[in-house]
Amino acid sequence: MTATAPRAAQQPRTLHEVKGWFPSLDQVIFDRFLSRQKRLGQRGDLLEMGAYMGKSAIFTAGYLRVDERFTVCDLFDAPAPDERNAAEARKSYATLTRVAFEQNYLAFHDELPDVVQGPTSLVPDHVAADSCRFVHVDASHLYEHVAGDIDAAHTALVPTGVVVLDDFRSEHTPGVAAATWEAVFLRGLRPVCLTTQKLYGTWGDPEPLQEELLADEEWRAGTHLSVQEIAGQRVLRFSGRPPSPAAPRSRYAGEIRESDTRESDTAAAPSPQAPRAAGSAGSVPRRRSPVRKLAADVLPPVVTRAIRRRGGKQ
């Protein structure tokens, strides 16, 4: 798709500046699976359901190869298919627009993905069965919609493909948890690994993926690994905050902005110091008034102490 979005006043200079929820741990796991597919010559398209401002889509597109398609489906600012979905959009994604997504995406890539603006129920009309090697599901949090998205991912994936389910354990998204574990226990989805936010799974054999994750310790720097078992199936659990892998570079990476100058000036300006308490280190000694000085010089000590005590209570 040809780039047509107009330039915004403040284009992101790094992936970090793109709004969204895509922590470094999941960036590392995405990189492991997508790089492995490239290394093994596994081909197929990429699909993301639910894009928000484009953070994970920008990252994922860095692994797209010639003759492969990347499809992104999101409501953006289109009408929702039902009132519950509309209420969810108003609450969580009120500022999301397609223009904002496209401007962010085009800061990092020359061409837009194939954008499907509408509910994720449209995905089967635009993505062929058995065509994708990697699917990221991060759209609605309502059980009925998530269950449909998981079915769509299953249909779109090749047998060795990987699906990523976001928010499978967040307390405010019980519908995602219900649909996720239903897919595991009733629909043949086999978990490969878990992070704080996402479940990574496959309808193929998870063991080769898990063995490779376990064998190479170097990539796990900054992460903590534990091996779990769910209904007789091994599941790897990763946590931590590892360094982010290399991400696509923004064409605006070197831009200097007025806000940078203001922040620099603010940092360089001396901060006003709070008044120091009497007697604190470096404080200016408090001068005694002439009356107090005279009292100290001519009155008996017992009277002077009484005056001082009385003055301290005023």
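Refer to the structure presented above.
Residues numbered from 1 in each chain as written. Predicted model: local features only at pLDDT ≥ 70, side-chain atom pairs only at ≥ 80, totals over all residues. Heavy atoms only, no water.

A. Representation of the overall build of the protein within the structure. Looking only at helices and strands, one finds 11 helices and nine strands in the protein. In the protein, which comprises 314 residues, the proportion classed as buried is 45%. In the protein, 71% of the contacts between residues at least 6 apart in sequence involve partners at least 24 apart. Working note: accessible area of the protein is about 17400 Å², and carbon and sulfur atoms make up 53% of it. (Helix = DSSP H or I, 4+ residues; strand = E, 2+ residues; numbered from the N terminus. Buried < 20%, exposed > 50% of the residue type's maximum accessible area, 1.4 Å probe, protein only. Contact = heavy atoms within 4.5 Å. Areas by Shrake-Rupley, 256 points an atom, 1.4 Å probe, with all protein chains shown as cover.)

B. Looking closely at the packing of aromatic side chains. Applying the stated criterion across every chain, the model contains 12 aromatic pairs. Grouped by ring-pair contacts, the aromatic residues Phe22, Phe30, Phe33, Phe59, Tyr63, Phe134 and Tyr200 constitute a single cluster. (Phe/Tyr/Trp six-rings, centres within 6.5 Å; stacked < 30°, edge-to-face > 60°.)

C. Here's a closer look at the pairing of strand β4 (residues 132-137). Within β4, six of the six residues are buried, which leaves it mostly tucked inside the rest of the structure. Relative to strand β5 (residues 157-166), β4 runs parallel, the two sharing five bridges. Bridging from a neighbouring strand, Cys132 pairs with Leu157 of β5. Of the crossover connections in this fold, the one passing from β4 over helix α6 (residues 143-156) to the parallel β5 is right-handed. (Pairing = 2+ DSSP bridges. Right-handed = clockwise from strand over helix to strand, strands pointing away.)

D. Here's a closer look at the environment of Arg98. Inspection of the secondary structure assignment puts Arg98 in helix α4 (residues 98-106). Look at Arg98 and you get partly exposed, because its relative accessible area is 23%. In this structure, the C-alpha to C-alpha distance between Arg98 and Phe76, residues 22 residues apart in sequence, is 5.2 Å. In this view, Arg98 contacts Phe76, Asp77, Val115 and Gln117; residues no more than four positions away in its chain are not counted.

E. Quick peek at the packing of helix α1 (residues 24-39) against helix α8 (residues 207-215). Where α1 meets α8, the closest approach of the two axes is 12 Å, and the angle between their N-to-C directions is 110°. It follows that α1 is roughly perpendicular to α8 by the angle criterion. For the pair formed by α1 and α8, the contact residues are Arg32, Phe33, Arg36 and Arg39 on the first element and Pro208, Leu209, Glu212 and Leu213 on the second. Grouping the constituent residues of the contact of α1 with α8 by class yields four nonpolar, no polar and four charged. (Axes fitted to C-alpha atoms, helices over the stretch in contact; angles between N-to-C directions. Parallel < 35°, antiparallel > 145°, perpendicular 65-115°, else oblique. Nonpolar A, V, L, I, M, F, W, Y, C, P; charged D, E, K, R; others polar.)

F. Fine view of the side chain of Asn104. Assignment of secondary structure puts Asn104 in helix α4. Classification of Asn104 by relative accessible area gives buried; the value is 12%. At 3.0 Å, the side chain of Asn104 and the backbone oxygen of Met53 are in polar contact. Sequence-distant contacts of Asn104, that is, excluding residues within four places in its chain, are made with Gln11, Pro12, Val18, Met53 and Ile58. (Polar contact = N/O pair within 3.5 Å; in protein donor to acceptor, adjacent residues only side chain to side chain.)

G. Expanded view of the nonpolar core. Counting 41 residues, the largest nonpolar core has Phe33 and Cys193 as its most contacted members. Where this core is concerned, the elements lending two or more residues are α1, α2 (55-61), β2 (70-74), α4, β5, β6 (190-194), α8 and β9 (233-240). Ranked by the residues each element gives to this core, the list is headed by α1, at six residues. Leaving out residues up to four positions away in the same chain, Phe33 has contacts with Phe134, Val162, Val192, Cys193, Tyr200, Leu209 and Leu213. Judged by nonpolar contacts, the second largest core, of 28 residues, contains Val123, Ala156, Val176 and Leu189. (Core = buried A, V, L, I, M, F, W, Y, C linked by side-chain atoms within 4.5 Å.)

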